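Here is how the chains run, residue by residue.
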Amino acid sequence: MILKVMSQVKKAVLPVAGMGTRFYPITKSIPKEMLPIIDRPLIQFAIDEAFNAGIEEIIFVTNHTKDSIKHYVTEQLELNKRLIQSNKENYLKLVNPNNFDSITFSFVEQKEPLGFGHAVLQAKDFIDEPFFAILLADDLVLSEKCCLGEMIAINNSTNDSVLGVFEASDFQIPQFGIIEMDGNDNEIVKQIIEKPDIKDAPSNLAVFGRYILSKEIFELLEETQVGKNGEIQLTDAIQRLLQTRMLRIHQFDGMKFDCGSKKGYVDAIKFYAKNYDF
Ligand code: G1P
């Protein structure tokens, strides 16, 4: 008899409350997570990845200026009606992707912009399971195998937290959380430092926007003081989690674009235009 392994990661937190200053002026009225890769907003790629990984609920950590995200994931009955009336039924699937029926979308507000760690903390009351996922929509992953799904598989088989990492260039190192590996095991994390100077970086392995974390992180976040750049940093809470729990890294096979930067965003559009039908 084949026993289906039940994943213990059912929920994903998607922080979308940032101001998107690097993309002003467009982000004055359009959240950066709604920026399109041709015709699909970044948020759709994150939803697809979460769905493919078996996630059942996405908790958006948002703020009052991000109504368009709520609008995007809510079925618009009036729009459905208009499409049907004008014989444009073929668009119904596009505006109501199948996976929207399988995922519950929840929203919680981050009232003050106190940092990434603080944003994640706002989702605390939604998470009952021992582990949960975090996805950053501006880290666009295009790969054959589902990156988040692979991370969940590692969590299922080890019961450890898992961080998505990539090899950063010297220029990128001061912009990311940087990992020091355990000398004896090339999958186990020894230390994580938020945005170090190149001279202090223990490696070039940088964390990008894919995390599977133990829910103990919430208690640690509650105690986390303001850190780098005057913000409550998730990285500082992860560093404390490391004192009692094992963390592993996952390097996926595929393309990743930092769509929080203009260059990464343009590269993503160029790559998508060349390699995908749309
Ligand atoms: C955040 C984290 C950083 C991580 C990065 C991934 O930084 O603080 O450790 O490497 O996300 O995208 P931010 O992008 O909010 O500056």
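Thresholds, definitions, all that
- The residue numbering used here restarts from 1 in each chain and proceeds along that chain's sequence as written.
- In keeping with the predicted nature of the model, local features appear solely for residues at pLDDT of at least 70, side-chain atom pairs appear and are counted solely at 80 or more, and the whole-chain, interface and lining totals rest on all residues.
- As a rule here, side-chain values cover all heavy atoms of the structure and leave hydrogens and water aside.
- A run of DSSP states H or I qualifies as a helix once it reaches four residues; a run of E qualifies as a strand once it reaches two. Both are numbered from the N-terminal end.
- Polar contacts here mean pairs of N or O atoms no more than 3.5 Å apart (in protein, one a potential hydrogen donor and the other a potential acceptor; neighbouring residues in sequence count only if both atoms are side-chain atoms).
- When checking whether two residues touch, look at their non-hydrogen atoms; a contact exists if any pair is within 4.5 Å.
- Between Lys or Arg on one side and Asp or Glu on the other, a salt bridge is scored when a side-chain nitrogen of the former is within 4 Å of a carboxyl oxygen of the latter.
- Exposed residues in this analysis have more than 50% of their type's maximum accessible area, buried residues have under 20%, and partly exposed residues fall in between, with area computed by a 1.4 Å probe over protein chains only.
- Between 30 and 60 degrees the pair is tilted, below 30 it is stacked and above 60 it is edge-to-face, where a pair is any two Phe, Tyr or Trp rings, Trp via its six-membered ring, whose centres lie within 6.5 Å.
- Working rule: Lys NZ or Arg CZ, within 6 Å of ring centre, within 35 degrees of ring normal, means a charge sits over the ring.

(A) Broad picture of the side chain of Gln110. Mapped onto the elements of the fold, Gln110 is located in the loop between β5 (104–109) and α5 (116–121). A polar side-chain atom of Gln110 sits 3.3 Å from the main-chain carbonyl oxygen of Glu112. Of the polar contacts made by the side chain of Gln110, one reaches the side chain of His118; its length is 2.9 Å. In contact with Gln110, not counting residues within four places along its chain, are Ala17, Val61, Thr62, Asn63, Gly115, His118, Ala119 and Gln122.

(B) Region of interest: the pattern of salt bridges. If you walk through the whole model with that rule in mind, you get 20 salt bridges. Glu56 is paired through a salt bridge with Lys10; the nearest N and O atoms lie 3.9 Å apart. Taken as a pair, Glu56 in the loop between α1 (42–52) and β4 (57–62) and Lys10 in strand β1 (residues 9–15) lie far apart in primary sequence, 46 residues in all. Assessed through its relative accessible area of 42%, Glu56 is described here as partly exposed. With a shortest N-O distance of 2.4 Å, Arg40 and Asp48 are connected by a salt bridge. For Arg40, a relative accessible area of 22% translates into the label partly exposed. The network of salt bridges with common partners includes Lys11, Glu57, Asp128 and Glu129.

(C) Inspection of the side chain of Lys32 at higher detail. With respect to the element layout, Lys32 can be found in the loop between β1 and β2 (36–37). Given a relative accessible area of 18%, Lys32 falls into the buried group. Side chain to side chain, Lys32 and Asp138 meet in a polar contact 2.7 Å long. Every residue in contact with Lys32, bar those within four places of it in the chain, is listed here: Gly20, Thr27, Leu42 and Asp138.

(D) Molecular detail of the environment of Asp101. Following the sequence through the fold, Asp101 ends up in the loop between α4 (92–95) and β5. Note: C-alpha distance between Asp101 and Glu56 (45 residues apart in sequence) is 10.0 Å.

(E) Representation of the packing of aromatic side chains in the model. Counted by the stated rule, this structure contains 13 aromatic pairs. Look at Phe23 and Tyr265: their rings are 5.6 Å apart centre to centre, the planes differ by 90 degrees, and that puts the pair in the edge-to-face class. One end of the pair, Phe23, is in the loop between β1 and β2; the other, Tyr265, is in helix α9 (residues 262–275), and 242 residues separate them in sequence. Each member of the pair, Phe23 together with Tyr265, is buried. When the ring centre of Phe166 is taken as origin, the NZ or CZ atom of Lys256, which lies over that ring, is 4.3 Å away.

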